[in-house]
Number of protein chains: 2
Amino acid sequence: MRIAQYSSKNRMLVAVDCIIFGFDGTELKLLLIKRGFEPEKGRWSLAGGLMKRDENIDLAASRVLKELTGLENVYMEQLYIFGEVERDPVDRTLSVVYSSLIDINRYTQQINQDYHAEWFPLKKLPSLIFDHRDMVALAQQKLRYKAAFHPIVFEMLPEKFTLPQLQHLYEGIFDTLMDKRNFSRKVLSTGLLVKQKDKEKATSKRGAFYYKLDKRKYQTKFNAFLNFIPNPDSIR
Amino acid sequence: MRIAQYSSKNRMLVAVDCIIFGFDGTELKLLLIKRGFEPEKGRWSLAGGLMKRDENIDLAASRVLKELTGLENVYMEQLYIFGEVERDPVDRTLSVVYSSLIDINRYTQQINQDYHAEWFPLKKLPSLIFDHRDMVALAQQKLRYKAAFHPIVFEMLPEKFTLPQLQHLYEGIFDTLMDKRNFSRKVLSTGLLVKQKDKEKATSKRGAFYYKLDKRKYQTKFNAFLNFIPNPDSIR
DNA sequence: ACAAAAGTGTTCGAATTACACCCATGG
DNA sequence: CCATGGGTGTAATTCGAACACTTTTGT
């Protein structure tokens, strides 16, 4: 009876779609590609493609991202699987969504002219195909949730970064403003940041000291919960 | 080029597996079924089955759970997709894992003799097929994470429950002991509990007052983060 | 009368918030 | 010399942790 279900009539296609959040030191952005094939050719979408039958899901996500944007070796994690029956009009297709956080400036070389990929400010996204807008909304929600408790967003910063940059990033994620005195006290109290001797001088005359992440401590303290949200009600 | 990938050679099977956590007032348990078909017939496994091609994923999970355990209308949420290439020896099969929290006593009628389903204490699980042990470990981790910040675990309690029961549940989830004075102060301070006039008299001579969840407030306050973990280091 | 679980308050230290001024520098 | 953003300290409050005794009642 049940073993009969190990039959092929229920096989289906599985896609991966990659949500790439990026931070340029000021603003939170999302990487989109201009879809190069039908249906919906020419419209903006997440970097996505079909997973192969003999391919691990995580590797499929990396491959698709590489093929469509040129990005390689970026931090990615599985977010959710979307499976409404009618979500892709051509064929029954599930989509496993991956989410990623990167430092935009670190990867400008990789995202070159060969790819029709472009960064869009999170607040000014174009319309997206299928259910991609829902995917982005879910990813944003999860990013907030994680950022509220973990120092994970260091994935989106350069090797060296300043406290004002870090604060701008958190403000972007939560769409709120924070007090810089309280912010620096809290973030420094984690003991995860190492102050550098040099300064970032591009955005201010005085310059802001660089910090680096103490990666050893970061690994072990990952589960030490931080509470970065100034006030739950202020999150929009 | 790329449209050629909208071909059928990459179709694959997709299963759903259901992790059912239950609480009986004292102990955290997991619902397992004796697998009724090859391979691995006769061994214990999560309630799982293949998803149909014309079926929504969430509905597939509900259907499979109903078919294998008799359970209906339980709170379920998608946890993760497992997709190692060799995870199922018979055929390439992804598994979408769902996780669920229920009040064991409320559903004893539904889980009847027709089904080879059985509750196992979380600390004394039998060996499980395929990667099901990994699935359980991940679900447990996520349950802790959520329970640490949300009053979500009310899904696992009866309509009326006592503070000692609620505390035992949290102690089961975190495998730790909590101070009942601090616990009750914290949980009552949420304003989500409504004290009842009657008492539960089965487990003590004096009896413990019942409480009910204020569902209106629960809906709106769901995102008010609670911090139930006594001390992050004490979580094993 | 006693065993067993329920219920309740206080004190202390830590963390969080609100808030305002001086600093360094490039122009 | 001044405009711009960087950097720091303190007081008031809230929150979390530790801790022990009294109440109720079935046996």
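- Where an unreviewed UniProt entry is consulted, chain A appears under the name NUDIX domain-containing protein, with the organism given as Chitinophaga caseinilytica.

### Some thoughts on the layout of surface pockets
All names here are of chain B.
And step 1. Considering only enclosed or pocket space, the second largest pocket measures out at about 460 Å³ in volume.
And step 2. Around the second largest pocket sit 17 residues that line it, and L163, P164, K180, S184 and A208 are the ones nearest its centre.
And step 3. Elements supplying a minimum of two residues to the lining of the second largest pocket: α3 (163-174), α4 (180-189), β9 (193-200) and β10 (208-213).
And step 4. Per-element tally for the lining of the second largest pocket: the top contributor is α3, with 5 residues.
And step 5. Residue composition of the lining of the second largest pocket, grouped by class: 6 nonpolar, 5 polar and 6 charged.

### Considering the side chain of A:E200
Residue and element names in this part refer to chain A.
And step 1. By secondary structure assignment, the location of E200 is in strand β9 (residues 193-200).
And step 2. The side chain of E200 is buried and forms no salt bridge, while K201, the nearest opposite charge, is found at 9.1 Å.
And step 3. Side-chain polar atoms of E200 contact the side chain of T203, separated by 2.9 Å.
And step 4. Those residues within four positions of E200 in sequence are excluded, and the remaining contacts are T162, Q165, G207, A208 and Y210.

### Some details on the packing of helix α2 (residues 132-149) of chain B against α3(B)
Residue and element names in this part refer to chain B.
And step 1. Where α2 contacts α3, the axes come no closer than 9 Å and their chain directions differ by 135°. Of the possible angle classes, the one that applies to α2 and α3 is oblique. Our pair here, α2 against α3, has a crossing hand that is left-handed. Listed contacts from α3 to L143, R144, A147 and A148 of α2 are Y170, I173 and F174.
And step 2. For the contact of α2 with α3, the class distribution of residues is 6 nonpolar, no polar and 1 charged.

### Quick look at the interface of chain A and chain B
And step 1. Each partner contributes residues to the interface: chain A has 47 residues there, and chain B has 47 residues.
And step 2. Around 4,600 Å² of area is buried between chain A and chain B when both sides are counted, 59% of it from carbon and sulfur atoms.
And step 3. Applying the counting criterion to the chain A and chain B interface returns 4 salt bridges.
And step 4. Mapped by element, the contributors of at least two residues to the side of chain A that touches chain B are β1 (13-23), β4 (47-50), α1 (57-69), β5 (76-82), β6 (93-103) and α2 (132-149) of chain A.
And step 5. Classifying every residue of the side of chain A that touches chain B gives 23 nonpolar, 9 polar and 15 charged.

### Concerning the sheet that holds β10(B)
Sheet strands pair by backbone hydrogen bonding; their relative direction is either parallel or antiparallel.
All names here are of chain B.
And step 1. Ordered in space as β8-β10-β9, the 3 strands form an open sheet in which the pairing is antiparallel. Edge positions in the sheet fall to β8 (160-162) and β9, since each of these pairs with one other strand and no more. The average undirected angle you get between the axes of adjacent strands in this sheet is 45°.
And step 2. Inspection of the sheet shows β8 paired to β10 by 3 bridges, in the antiparallel sense. Its bridge partner lying in β10, F161 is registered against Y211.
And step 3. α3 rests against β8, β9 and β10 of the sheet, and its axis sits at about 80° to β8.

### A short note on the pattern of salt bridges
And step 1. Overall, the coordinates contain 26 salt bridges over all chains when judged by the stated rule.
And step 2. A salt bridge links B:D131 to B:R87; its shortest N-O distance comes to 2.7 Å. Placement of B:D131 in the loop between β7 (117-121) and α2 and of B:R87 in the loop between β5 (76-82) and β6 (93-103) is noted, with a sequence separation of 44 residues between them. Of the two residues, B:D131 and B:R87, neither departs from the other in class, the shared state being buried.
And step 3. The structure contains a network of salt bridges with shared partners spanning A:R11, A:R53 and B:D91.

Reading the values: rules and limits
- Residues numbered from 1 in each chain as written.
- Chains lettered and ligands numbered in written order.
- Predicted model: local features only at pLDDT ≥ 70, side-chain atom pairs only at ≥ 80, totals over all residues.
- Heavy atoms only, no water.
- 1 Å grid on protein atoms, 1.4 Å probe; cavity = no way out; pocket = protein on both sides within 12 Å on 5 of 7 lines; lining within 4 Å.
- Points joined across faces, edges and corners; volume = space filled by probe spheres on them.
- Helix = DSSP H or I, 4+ residues; strand = E, 2+ residues; numbered from the N terminus.
- Nonpolar A, V, L, I, M, F, W, Y, C, P; charged D, E, K, R; others polar.
- Buried < 20%, exposed > 50% of the residue type's maximum accessible area, 1.4 Å probe, protein only.
- Lys, Arg positive; Asp, Glu negative; His and termini not counted.
- Salt bridge = Lys/Arg side-chain N within 4 Å of Asp/Glu carboxyl O.
- Polar contact = N/O pair within 3.5 Å; in protein donor to acceptor, adjacent residues only side chain to side chain.
- Contact = heavy atoms within 4.5 Å.
- Axes fitted to C-alpha atoms, helices over the stretch in contact; angles between N-to-C directions.
- Parallel < 35°, antiparallel > 145°, perpendicular 65-115°, else oblique.
- Left-handed = near helix turned anticlockwise from the far one by under 90°.
- Buried area = accessible area lost by both parts, 1.4 Å probe.
- Pairing = 2+ DSSP bridges.

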